[in-house]
Amino acid sequence: MSRSSLRFALALAIGMLLAWQAPRAQELPVPVVGHADDVARLAGVWEGGYTSDETGRHGTLRFELTAGDAHAVTRLVMVPVATPEDPAPEPVVLTLHLVEVDSVTVRGVLRPYDDPEWDLPLETHFVGTLGGDGITGAFDSLPTSVDTIPTSGRWWATRQRPLAPEL
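Keep in mind it's a predicted model, so treat the numbers as computed, not measured.

> What is the right way to look at the overall build of the protein in this model?
The helix and strand inventory of the protein stands at two helices and 11 strands. A total of 167 residues make up the protein; the buried ones form 37% of that total. Taking the intrachain contacts of the protein between residues at least 6 apart in sequence as the baseline, contacts between residues at least 24 apart amount to 50%. Within the structure as shown, the protein displays about 9300 Å² of accessible surface, and the carbon and sulfur contribution to it stands at 58%.

> Explain the packing of aromatic side chains here, please?
Pairs of aromatic rings are described using the distance from one ring centre to the other and the angle between the two planes. Taken as a whole, this structure holds two aromatic pairs when the rule is applied. With centroids separated by 5.8 Å and ring planes inclined at 85°, the aromatic side chains of Tyr50 and Phe139 adopt a geometry described as edge-to-face. Of the two residues, Tyr50 sits in strand 2 (residues 44-51) while Phe139 sits in strand 10 (residues 134-143), which places them 89 residues apart along the sequence. Here the two residues Tyr50 and Phe139 agree in accessibility, since each one is buried.

> Just to check I follow, could you spell out the pattern of salt bridges for this structure?
Pairing is possible between side chains that carry opposite charge, provided their charged atoms lie close to one another. All chains considered together, the criterion is met by six salt bridges. A salt bridge links Glu47 to Arg62; its shortest N-O distance comes to 2.2 Å. Of the two residues, Glu47 is situated in strand 2 and Arg62 in strand 3 (residues 58-65); the sequence distance between them amounts to 15 residues. For Arg159, the salt bridge is made with Asp133, and the minimal N-O distance between the two is 2.6 Å. Taken together, the residues span a long stretch of sequence, with Arg159 in strand 11 (residues 151-161) and Asp133 in the loop between strand 9 (121-131) and strand 10 at a distance of 26 residues. When its relative accessible area of 17% is taken as the criterion, Arg159 is described as buried. One salt-bridge network, in which partners are shared between bridges, spans Glu47, Arg62 and Glu64.

What counts and how
- Residues numbered from 1 in each chain as written.
- Predicted model: local features only at pLDDT ≥ 70, side-chain atom pairs only at ≥ 80, totals over all residues.
- Heavy atoms only, no water.
- Helix = DSSP H or I, 4+ residues; strand = E, 2+ residues; numbered from the N terminus.
- Buried < 20%, exposed > 50% of the residue type's maximum accessible area, 1.4 Å probe, protein only.
- Contact = heavy atoms within 4.5 Å.
- Areas by Shrake-Rupley, 256 points an atom, 1.4 Å probe, with all protein chains shown as cover.
- Phe/Tyr/Trp six-rings, centres within 6.5 Å; stacked < 30°, edge-to-face > 60°.
- Salt bridge = Lys/Arg side-chain N within 4 Å of Asp/Glu carboxyl O.

This is how it looks when you write it as structure tokens:
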């Protein structure tokens, strides 16, 4: 394993640890829109992450959807890049606004959040492809102001276990 791959793996592991220590109050139900059969394909507990080579930011994600439900509980945590001014930045909890599924395509939008570097609002759109127990995709963070630069990255998630319908 290369030194940069080892650093990335270590940073991701630390980010995941911090993610689970961040406040739980941000776990809000998010609507999941699509045909019932398509939504059912997302049932389960999904865990993964994301990274942007452009910004160096990375983070973790967790998505839970109970079979038969049209709302998911999600948790997204961003780990900002360390700087000399802030060598240990606090993780930022992000919030999903909407998830849509159409056959094997999963897409959605995050609620606008302040870019940790520029302190200006960003809106992030994502799209991914569902294949069995995995989803891989890309995202674009778009500025809501002319003062920031659009960025992109990749994301992934793996189903950890299915969730049965609640009785």
